[in-house]
Amino acid sequence: METVSKINELREQVKAWRQQGLTIAFVPTMGNLHAGHISLVTEAHKHADKVVASIFVNPMQFGVNEDIENYPRTMADDQQKLTAAGTDLLFTPKPDIIYPKGLAKQSFVEVPNISDGYCGESRPGHFRGVATIVCKLFNLVQPDVACFGLKDYQQVQVIQIMVEDLSMPIKIIPVATIREESGLALSSRNGYLTAEEKATAPALYKSLQWLAEQIRAGYAQQDSIDFIGLAKQAAKTINDAGLHTDYLHVCHAQTLQPASEDDTQLVILAAAHCGKARLIDNLQVNLA
Ligand code: AMP
């Protein structure tokens, strides 16, 4: 696998592949790679001739109180994992190559409505940063398809809508969440957990599973389902386990609006603090 950090090097390689009639799949990441990231690379291979990955800890998507400096950076290890997964090209730009004028003067992409709630509310500006870097990386890599993890469910919706609204000729492939045996979703932020916190963190996904079961049971019995009441109970269980719930809502799977009686395609979205880590997770519930 070749690693490039300059824009012209990336463009030259992409152009050469294009001239040979090859298709390109893209996997953007912030590095500190785990099996979840690698599953995106594996999926990417199914959709194109060449796979390009990027590692860029994007300052635009971090808030003022979020600790970008301490975000884990493990480049040599990441390169090994990407090589083993058969990645063709890795792009590792420095921030001044991506944002040469600085963030304050940078044009941005904002995807309205879908970016507002949940993680968008807890992390103001986060999805503007995500949409802007993904748009920029799309313009640099010009992939045919791009793979994104469903662990970041709201992010996938934001990217899908950006691509549709701005007529980008790129197919977005959502990829299932990879979890530990305990159910805890793999995340670079799990590295912030102590051994004790690691034991309590799976309570988040367990509560989502409990909530999904209650919804399914209510639907099967044709009961009216109290989404808000059930979500409150699930949040309480998470808090009782020693985490601190940021949000937990049952939503329409596409619009992410609060679920209503008639919705059959649902997603439970949640975020919870566990020690220094802010964990996010979700669970889709298809009733029909
Ligand atoms: P990140 O490096 O955290 O920005 O993540 C890069 C990509 O990997 C995003 O599309 C994430 O949704 C995806 N990803 C992160 N964790 C997982 C996981 N546990 N399973 C599948 N995909 C994941």
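Residues numbered from 1 in each chain as written. Predicted model: local features only at pLDDT ≥ 70, side-chain atom pairs only at ≥ 80, totals over all residues. Heavy atoms only, no water.

As named in an unreviewed UniProt entry, the chain is Pantothenate synthetase, taken from Colwellia psychrerythraea. Per UniProt, the comment on the chain under Subunit (unreviewed entry) is "Homodimer." Taken from UniProt, the Pathway (unreviewed entry) comment for the chain reads in full: "Cofactor biosynthesis; (R)-pantothenate biosynthesis; (R)-pantothenate from (R)-pantoate and beta-alanine: step 1/1." (UniProt positions renumbered as here; feature names shortened; annotations may be inferred.)

Before we go on, may I ask you to explain the domain arrangement of the chain in this structure?
The parts lose accessible area when they come together, and the size of an interface is often stated as this lost area. We note that the domain assignment places domain 1 (2-175) and domain 2 (188-280) within the chain. Computed over C-alpha atoms only, the centres of domain 1 and domain 2 are separated by 27 Å. Looking at the side of domain 1 facing domain 2, the largest losses of area belong to Y118, C119 and Y153, adding up to 42% of the total buried there. Taken together, the links from domain 1 to domain 2 amount to zero salt bridges. Taken together, the links from domain 1 to domain 2 amount to four residue pairs in polar contact (both at pLDDT 80 or more). For the side of domain 1 that touches domain 2, the secondary structure elements donating two or more residues are α5 (119-122) and α7 (153-165). (Domains from an automatic or database assignment. Buried area = accessible area lost by both parts, 1.4 Å probe. Salt bridge = Lys/Arg side-chain N within 4 Å of Asp/Glu carboxyl O. Polar contact = N/O pair within 3.5 Å; in protein donor to acceptor, adjacent residues only side chain to side chain. Helix = DSSP H or I, 4+ residues; strand = E, 2+ residues; numbered from the N terminus.)

What is the right way to read the pattern of salt bridges from this model?
Any two side chains of opposite charge can pair, on the condition that their charged atoms come close. Under the defined criterion, the tally for this structure stands at 10 salt bridges. Across the pair K81 and D77 runs a salt bridge, and its minimum N-O distance is 3.3 Å. Linking K81 with D77, this pair stays in helix α3 (residues 75-84), spanning four residues, or about one helical turn. Note on K81: relative accessible area 31%, which makes it partly exposed. In this structure, K198 engages E180 in a salt bridge whose closest nitrogen and oxygen atoms are separated by 3.2 Å. Residue K198 is found in helix α8 (residues 195-200), and its partner E180 is found in the loop between β6 (171-175) and α8; the two are separated by 18 residues along the sequence. (Buried < 20%, exposed > 50% of the residue type's maximum accessible area, 1.4 Å probe, protein only.)

Looking at this structure, I do not really get the pairing of strand β2 (residues 24-29). What am I missing?
The side chains of a regular strand alternate, residue by residue, between the two faces of the sheet. Of all six residues in β2, six are buried, a share of seventy percent or more. Alternating residues of β2 divide into I24, F26 and P28 and A25, V27 and T29, and every residue in both groups is buried. Judged from the six bridges that link them, β2 and strand β3 (residues 50-55) form a sheet pairing that is parallel. Among the inter-strand pairings, I24 is bridged to a residue of β3, identified as K50. Of the crossover connections in this fold, the one passing from β2 over helix α2 (residues 35-45) to the parallel β3 is right-handed. Pairing geometry for β2 and strand β5 (residues 145-149), over two bridges, is parallel. (Pairing = 2+ DSSP bridges. Right-handed = clockwise from strand over helix to strand, strands pointing away.)

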